[in-house]
Amino acid sequence: MRSHLTDTFRSRSVRALTLIAVGALVAGCSSAGTAGTATAGSDGKSAPVKVGLVYSRSGLLAAYGKQYAEGFKAGLAYATHGTNKAGGHPVQVTEEDDAGDPARAVAAAKTLVGKGYRILAGTTDSGVALQMAPLAAQNKVLYVSGPAATDAVTGSNAYTFRSGRQSYQDILTAGALLGDAKGKKVTVLTQNSAFGQANVAAVKAVLGAKGAHVRSVLAPPSATDLTPFAHQTRAGDPDLVFVAWAGTTAPALWTALNQQGVLDASKVVTGLAGTASYPVFGAAGSKVAFLAHYFPGAGGGNPVEKAMLDGITKAGGTPDLFSPDGFTAAQMIVHAIESGSATDSTAMAEALEGWTFDGPKGKERIRAEDHALLQPMFTAKLDGSGSAARPELTDSIPMTAVAPPAAKPAG
């Protein structure tokens, strides 16, 4: 398997297409240090396995980081059957706050690696993930990225995996709501910013490749009167409107779309974020179709989802959008130790390749050739409005139907 890892990833490059992500990608990464050696006990069998969680405990994505960390703790308890041991080794977890800053994350990761940590996980922000992945390869440590959705993480190197979904899966889920895309008109309504332009490019790359005619309506990020942009959207008579919006003007946008009749004239799709976002849609919420990575109950109450929900709740937490990312990361790490090695990161990576398992969302599989995490995705609608709004599952889409194309080696 070592030759498989080396041959598969030696010439792989990080793909440049940036898809749906909240926050800007920050460039810059200093050179990595040298990995340390795991500390062994007298018998070499009971030494702790050190795991570093580097994620956003503060900063813009702190709420997402909290969900991830709560899920990880519940997942570790589940995967180790409450023993906190994997393969007879205690699992020692150290949390580091990157605050969404790639330089801070890399510095924390280097320190952990220097202390003998062979496993790193976390990463709420896509910009951070893109800096952590090469560090993992340089130091030959297992790296399991979390909620960071950028597609470029998939296939980046032999030691990098992900425990959440990637943006390509989001857009394929939106496409499922459109049906046969050939000849259909799709309008991307977003802001004229790097974030917005990335979403336009992503929809063109995914749905445009399936035969859809994709256009965009771009609003200045500073715009507060959004009625003209809602009118432009309606005038295009689209079959599907894909809304990618960030910032405090979201309630005004949804009000404008409702008042201009866009929500009645076309199928309007957007991503379902965390619980705190539900009231943003107001009266428009019941008319919007949502693509969903996860919300509590989306997994249909399968035994693993139930264990996650119970574990987080009993610990005083609140299950939410990115709870499965943490839970699944813990499952992956325990499997890597038990079926691979407690000290050899290459063996850990090989153990994860091709692994199929039951996660909180349902049946999932780690694709061997590029480490994409194939997983079900969901569609939903909101019932109620304001603080009473709650998602209701409309469809569960199998992992094979929303599998991103395999990342190919460069050259």
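Look above for the structure.
Reference entry: report on the structure contained in this document.

### Focus: the nonpolar core
Core analysis: the biggest nonpolar cluster contains 37 residues, and L189, L226, V243, W245, W254, L257 and L272 have the highest contact counts within it. Those elements that provide at least two residues to this core are β8 (213-219), α7 (227-235), β9 (240-244), α8 (250-259), α9 (262-265), β11 (289-292), α10 (303-314) and β15 (377-383). At five residues, the largest contribution of residues to this core is made by α8. Setting aside residues up to four positions removed in sequence, L189 forms contacts with V217, F229, T233, V241, F242, V243, A244, W245, L253 and L257. Formed by 31 residues, the second largest nonpolar core is a distinct cluster that contains V49, L53, Y68 and V91.

### Here's the deal with the packing of helix α3 (residues 102-114) against helix α4 (residues 126-139)
Following both chains from N to C, one finds α3 and α4 inclined at 25 degrees, their axes separated by 9 Å at the closest point. Accordingly, the angle class assigned to the pair α3 and α4 is roughly parallel. Handedness of the α3/α4 crossing: right-handed. For the pair formed by α3 and α4, the contact residues are P102, A105, V106, A109, K110 and V113 on the first element and G127, V128, Q131, M132, L135 and N139 on the second.

### Points about the sheet that holds strand β2 (residues 85-86)
Pairing is mixed across the open sheet formed by six strands, whose spatial order is β2-β3-β1-β4-β5-β6. Only two strands of the sheet have a single partner each, and these edge strands are β2 and β6 (160-162). Here strand β1 (residues 49-55) runs beside strand β4 (residues 119-122); their pairing, made up of four bridges, is parallel. Within β4, the residue paired with L53 across the bridge is A121. Along the sheet, α3 makes contact with β1, β3 (89-97) and β4, crossing β3 at roughly 150 degrees.

### Brief notes about the packing of aromatic side chains
The tally for this structure, following the rule as stated, stands at seven aromatic pairs. Relative to F327, the ring of Y78 has its centre 5.4 Å away and its plane inclined at 40 degrees; by these criteria the two rings are tilted. On the criterion of sequence distance, the pair formed by Y78 in helix α2 (residues 62-79) and F327 in helix α11 (residues 323-339) is long-range, its members being 249 residues apart. A relative accessible area of 35% means that Y78 is categorised as partly exposed. Ring centres of F281 and F290 lie 4.9 Å apart, and the angle between their planes is 85 degrees; on these two criteria the pair is classed as edge-to-face.

### A few points about α8
For α8, the complete set of buried residues consists of A250, L253, W254, A256 and L257. Axial view of α8: buried residues confined to an arc of 160 degrees, hence all on one face. Of the residues one or two after α8, G261 is the one with positive phi, at around 80 degrees.

### Here we look at the pairing of β8
Relative to β8, strand β7 (residues 185-191) is paired through seven bridges, and the arrangement is parallel. Bridged to V186 within β8 is V214.

### Comments concerning the pattern of salt bridges
What the rule picks out here adds up to 11 salt bridges. With a shortest N-O distance of 2.9 Å, R165 and D170 are connected by a salt bridge. Since its relative accessible area comes to 11%, R165 is described here as buried. The closest approach of N and O atoms between D358 and K363, which form a salt bridge, is 3.0 Å. Classification of D358 as partly exposed rests on a relative accessible area of 43%.

### Brief notes about the packing of α2 against α11
Two elements in contact, α2 and α11, have axes whose closest approach is 6 Å; the angle formed by their N-to-C orientations is 40 degrees. Judged by the sense of rotation from one axis to the other, the crossing of α2 with α11 is right-handed. Contacts between α2 and α11 involve Q67, Y68, G71, F72, A74, G75, L76, Y78 and A79 from the former and S323, D325, G326, F327, A329, A330, Q331, I333 and V334 from the latter. The residue makeup of the contact of α2 with α11, split by class, is 11 nonpolar, six polar and one charged.

Conventions used here
- Residues numbered from 1 in each chain as written.
- Predicted model: local features only at pLDDT ≥ 70, side-chain atom pairs only at ≥ 80, totals over all residues.
- Heavy atoms only, no water.
- Core = buried A, V, L, I, M, F, W, Y, C linked by side-chain atoms within 4.5 Å.
- Buried < 20%, exposed > 50% of the residue type's maximum accessible area, 1.4 Å probe, protein only.
- Helix = DSSP H or I, 4+ residues; strand = E, 2+ residues; numbered from the N terminus.
- Contact = heavy atoms within 4.5 Å.
- Axes fitted to C-alpha atoms, helices over the stretch in contact; angles between N-to-C directions.
- Parallel < 35°, antiparallel > 145°, perpendicular 65-115°, else oblique.
- Left-handed = near helix turned anticlockwise from the far one by under 90°.
- Pairing = 2+ DSSP bridges.
- Phe/Tyr/Trp six-rings, centres within 6.5 Å; stacked < 30°, edge-to-face > 60°.
- Arc of directions from axis to C-beta.
- Salt bridge = Lys/Arg side-chain N within 4 Å of Asp/Glu carboxyl O.
- Nonpolar A, V, L, I, M, F, W, Y, C, P; charged D, E, K, R; others polar.

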